[in-house]
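Spelled out from the first residue to the last, the chains are:
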Amino acid sequence: MLAGCRRALPAALCRGLRSRAAGSGRRAVSTSWCPVGAAFDAKQQPQQLRGRAAGRETVSGGTGRACCGREAALAAGSLGLALLGLFGVPELSCPEGFQEAQDKALQESEQLVQKACSTPPGPETVMIFDQLSDALCRVADLADFVKIAHPDFAFREAAEEACRNIGTMVEKLNTDVELCQSLRRLLADEVVMSSLDPETRRVAELFMFDFEISGIHLDEEKRKKAVNLNVRILDLCNEFLTGAHLPNKIDKHVLPEHIRYNFTAKGNYLQVAGLHADCPDDLVREAAYKIFLYPNAEQLTRLEDLLASRNSLAQLVGYDTFAHRALQGTMAKNPETVTQFLERLSDQLSKRTQKDFEMMTKMKMKLNPQNSKLMPWDHPYYSGVLRAERYNIDPGLYCPFFSLGACMEGLNSLFSQLLGISLYAEQTQKGEVWSEDVRKLAVVHETEGLLGYIYCDFFQRPDKPHQDCHFTVRGGRLRENGEYQLPVVVLMLSLPHSTRGAPTLLTPGMMENLFHEMGHAMHSMLGRTRYQHVTGTRCATDFAEVPSILMEYFANDYRVVNQFARHYKTGQPLPKNMVSRLCESKKVCAAADMQLQVFYAALDQIYHGKHPLKKSTTEILKETQEKVYGLPYVPNTVCFRNHLQWKILWMPLFQT
């Protein structure tokens, strides 16, 4: 019933509830905002300096240790100072605060469960269920982000523990018979149901759907088993995710001396933390591929345990496979539809993909005649070489036109023209963000005022995951007092820092990714529903990509690009023919690129299909890669370290 807070991308692309959300009128705006472009091209002022400038100082508790949560807030209040925790949550000024925030959420949830069970059927029932969902999601969603992105291990560890405890409570509530009965009484009352507005009826049905896929229909013993399986799955996911981010290491003497500098040295070992897909040296790419994707026995065991646990859960609650359970409620509806789609798409791509591979092989033969066989580590590099050669697409020629500040101004202009929305950079306070270079954006509508906040964690740092993604930290909803709870999200990218002589400059691919992720953020800001359970991106998972993919089209339209793409030194606009060449170049090897995605999706369907699996996960990988993708499987490699596969493989996690 509370699956909303476990979905990474889960509601309608509507801007309803304006009159209700506005409540007492236009939402208040700040006078401390500054232009968005300048904020991203400027160095972030250290928080220590900002705190002093604002008349604030760090509060410590006379024993030499840092104050935390309520204690710190009381100490700050007695001194007339303001102390913020992460995202402005007072409890989260230190790792121990997650325990306090978690305890508050669990206590509030107990009270709301009692209220839901004693309330007569009516619209208030749905409102209470949504309050319950919100109370847990406010902690779980925030902790979900912190556990992977915070640079402090203590914060990550505390957030992970909070995720586990809140997740366990969610699964218990999803199998709480008395709580479910309160919702059943509402759904069974035709008179009351007919009086509800469509949104309220739909949310009530979605809460019941969450009960059903969690096994509410089972006897008590089986319901307990379902809860235990769900908790086991959450634990395995966390362990696997942690392992997937770790680099592999190899004795440096194994690699030729002339390529060692490409990898991080740690004593007598070299660490390989990625595929180095853009490196022009074939040997470096080959080494990175074979080392980074080398199987880890513990990870393989976790993967097999995870797949088996997901299958056991699905069958326990009445589904043939986990794929059937995960796809119910999506636009695709079932794995049969997905498989049919993938097979048809693969058939249509087959000849074009083969031509793409032939072009790549010829290019490799031209550049490296001694070793011209096309291998999986060659696809990203040689497809890029072909694009560059055919259309004179050198990322270095484009980067000077795509400073981060210019791109943000371009997004600001686009949103203003399309949606009447402006982005303003707001100064963060001490303790509010997890890294000095995180920027905070206020999203402001021309008539409605403040719509929400976007925290932009855009820059590379040690141990930060190399992934571009959107996190919901707090969902929007209409509160009981008539005010609208503003949504809060994080966009995470991996952009280079500015240098002494230049601002952060984006490649065309980085610029497109920025537009894509901002599409998710706008979905969260504009999906203004009454209930947080269906707010913003909390919709059918396969629909959640629609706004972000739409934004990619804007990123490739000269009418849009021409408004912001300027050389950071000269101010010269990006020539139209360069934009045209860039757009045309995307068609080169497009079939092979899509075929790779088909392979990942097909593998995902097999892994989450009939169990027990007929072969090991590695053998299935080999067979599927050679059948669907077309390039040979490389012995002693696994696929789940690849970022794209990681995203697809873990999509079902967010619907457990």
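In case you missed it, the structure is sitting above this.
For the structure given in this document, a descriptive report is provided here. Since the model is a prediction, treat every value here as computed from it, not as a measurement.

This part covers the environment of Val546. Secondary-structure assignment places Val546 in helix α20 (residues 546-555). Linking Val546 and His523, residues 23 residues apart in sequence, is a C-alpha distance of 9.5 Å.

Here we come to the environment of Pro612. Mapped onto the elements of the fold, Pro612 is located in the loop between α23 (590-607) and α24 (617-629). It is 9.5 Å that separates the C-alpha atoms of Pro612 and Leu307, two residues lying 305 residues apart in sequence.

Here we come to the packing of aromatic side chains. A complete count under the given rule lists 16 aromatic pairs for this structure. Centre to centre, the rings of Phe87 and Trp434 are 5.1 Å apart; their planes meet at 40°, and the pair counts as tilted. With Phe87 in the loop between α4 (69-79) and α5 (97-118) and Trp434 in the loop between β7 (421-426) and β8 (439-445), the pair connects residues that are 347 residues apart, well separated along the chain. The class of Phe87 is buried, set by a relative accessible area of 12%. Between Phe402 and Phe564, the ring centres sit 6.3 Å apart and the planes meet at 40°, which makes this aromatic pair tilted. Placement of Phe402 in the loop between α17 (395-398) and α18 (404-419) and of Phe564 in the loop between α21 (558-561) and α22 (576-585) is noted, with a sequence separation of 162 residues between them.

Moving on: α20. Those residues of α20 lying buried are Pro547, Ser548, Met551 and Ala555. Summarising the axial view, the buried residues of α20 lie within an arc of 95°, below the 170-degree limit, and thus occupy one face. Of the surrounding secondary structure, the elements contacted by the buried residues of α20 are α18, α19 (508-526) and α21.

The biggest cluster of nonpolar side chains holds 66 residues, and the ones touching the most others in it are Phe87, Phe98, Phe145, Leu179, Trp434 and Tyr455. Per element, the largest residue contribution to this core is 14 residues, and it comes from helix α6 (residues 123-149). The next biggest cluster of nonpolar side chains, apart from the first, holds 46 residues, and it includes Tyr398, Ile421, Phe515 and Val561.

Turning to the pattern of salt bridges, a few remarks are in order. In this structure the tally under the stated criterion is 29 salt bridges. With a closest N to O distance of 3.1 Å, Arg477 and Asp134 form a salt bridge. Note that Arg477 is positioned in strand β11 (residues 477-478) and Asp134 in helix α6, a separation of 343 residues in sequence. With respect to class, Arg477 is no different from Asp134; both count as buried. In this structure, Arg302 and Glu239 form a salt bridge, with 3.6 Å as the shortest nitrogen-oxygen distance. Of this pair, Arg302 sits in helix α13 (residues 297-316) while Glu239 sits in helix α11 (residues 220-245); the two residues are 63 residues apart in sequence, bridging distant segments of the chain. Among the charged side chains, a network of salt bridges with common partners joins Glu108, Asp134, Arg138, Arg477 and Glu480.

Conventions and cut-offs
- Residues numbered from 1 in each chain as written.
- Predicted model: local features only at pLDDT ≥ 70, side-chain atom pairs only at ≥ 80, totals over all residues.
- Heavy atoms only, no water.
- Helix = DSSP H or I, 4+ residues; strand = E, 2+ residues; numbered from the N terminus.
- Phe/Tyr/Trp six-rings, centres within 6.5 Å; stacked < 30°, edge-to-face > 60°.
- Buried < 20%, exposed > 50% of the residue type's maximum accessible area, 1.4 Å probe, protein only.
- Arc of directions from axis to C-beta.
- Contact = heavy atoms within 4.5 Å.
- Core = buried A, V, L, I, M, F, W, Y, C linked by side-chain atoms within 4.5 Å.
- Salt bridge = Lys/Arg side-chain N within 4 Å of Asp/Glu carboxyl O.

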